[in-house]
Amino acid sequence: MSAKEEILARIASALHDAPVPASVPREYRMTSDMPQAELVTLLVDRLEDYKAHVDVVEEAELPATIAERLKDAASYVVPHGIDEAWLADAALADDARRRVDAPGAVLGVTDLDETGAVLTSSAVSIAESGTIVLDGTPDQGRRAISLVPDHHVCVVPVSTIVRLLPEALPRMDITRPLTWISGPSATSDIELERVEGVHGPRRLDVIIVKGL
């Protein structure tokens, strides 16, 4: 008998008459009936607590709001599947500022590092934790474009907001490259001192859009 087998045999002998523990019922919440307006309020509260800037706008206001958030960026990147109507504001008409990341024409790390901001949509948002999930679909793009630039402007359609994680999971394709965002990049791992911009954008602007 090997040492491993001997140890396992001793453990089995010691536990042979131990009572079988009772099963513990899973009583955590799986669904929520929170009204949409309250979901938005909860998500805004959590995001602002994470030091993100949040706008809640009507769909018609979206292009102007995006232009306002990107006005200080010398350049910005968008995924190839972004809705062009979102970029219809006159302030975004200068194509020299815009960089498009597309299959077959992806931007390198140096290009992304030199880009001031990124604009993406999002897949689902969890109000209770203030978490936004990107899944790499064409209007959200590769993970790199939302992680390398220092400023992320993220559009959150109201229809994609849920309250709880168990509600969000069925909306996700776990075979896709998921990026979970809870506020701007920050860590307090070293001596509990908050440091921003460690593993992603230092600035996060979230635009929650009613009607989408």
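Here goes a summary of the coordinates provided. Note that this is a predicted model, so its numbers are computed, not measured.

1. Considering the nonpolar core
Thought 1: Ranked by size, the top nonpolar core spans 20 residues in total, and within it L43, L47, I132, V156, I161, V206 and I208 carry the most contacts.
Thought 2: Counting only elements with at least two residues in this core, the list comes to helix 2 (36-49), strand 6 (131-134), strand 7 (151-157) and strand 12 (203-210).
Thought 3: Looking at this core element by element, the count peaks at 6 residues for helix 2.
Thought 4: Every residue in contact with L47, bar those within four places of it in the chain, is listed here: A52, V54, G130, I132 and V206.

2. Observations concerning the sheet that holds strand 5 (residues 124-126)
Thought 1: Across the sheet, which stays open at both edges, the 4 strands sit in the order 8-5-6-9 with mixed pairing between neighbours. Taken across any chain shown, the strands that pair with only one partner, and hence form the sheet edges, are strand 8 (161-162) and strand 9 (179-181).

3. Points about helix 3 (residues 62-70)
Thought 1: Counting buried residues along helix 3, 7 of its 9 residues qualify, which places the element largely inside the surrounding structure.
Thought 2: Listed as buried for helix 3 are L62, P63, T65, I66, A67, R69 and L70.
Thought 3: Summarising the contacts, the buried residues of helix 3 are in contact with strand 1 (53-58), strand 2 (76-79), strand 4 (117-120), strand 7 and strand 12.

4. Comments concerning the sheet that holds strand 7
Thought 1: The strand order across the open sheet formed by 6 strands is 1-12-7-4-2-3, and the pairing between neighbours is parallel. Unpaired on one side and paired on the other, strand 1 and strand 3 (98-101) mark the two borders of the sheet. If you compare each strand with its neighbour and ignore which way they point, the axes differ by 20° on average.
Thought 2: Of the pairings in the sheet, the one linking strand 7 to strand 12 comprises 7 bridges and is parallel in character. Bridge assignment links H152 to a residue of strand 12, and that residue is L204.
Thought 3: Its contacts with the sheet place helix 2 against strand 1, strand 7 and strand 12, and it is angled at close to 155° to strand 1.

5. Remarks on the side chain of T179
Thought 1: Along the chain, T179 falls in strand 9.
Thought 2: Classification of T179 by relative accessible area gives buried; the value is 6%.

6. Things to note about unusual backbone geometry
In terms of backbone geometry, most residues other than glycine have negative phi values and most peptide bonds are trans.
Thought 1: Even without being glycine, K51 reaches a positive phi, approximately 75°.
Thought 2: Structurally, the position occupied by K51 is in the loop between helix 2 and strand 1.
Thought 3: Note on K51: relative accessible area 53%, which makes it exposed.

Calculation notes
- Residues numbered from 1 in each chain as written.
- Predicted model: local features only at pLDDT ≥ 70, side-chain atom pairs only at ≥ 80, totals over all residues.
- Heavy atoms only, no water.
- Core = buried A, V, L, I, M, F, W, Y, C linked by side-chain atoms within 4.5 Å.
- Buried < 20%, exposed > 50% of the residue type's maximum accessible area, 1.4 Å probe, protein only.
- Helix = DSSP H or I, 4+ residues; strand = E, 2+ residues; numbered from the N terminus.
- Contact = heavy atoms within 4.5 Å.
- Pairing = 2+ DSSP bridges.
- Axes fitted to C-alpha atoms, helices over the stretch in contact; angles between N-to-C directions.

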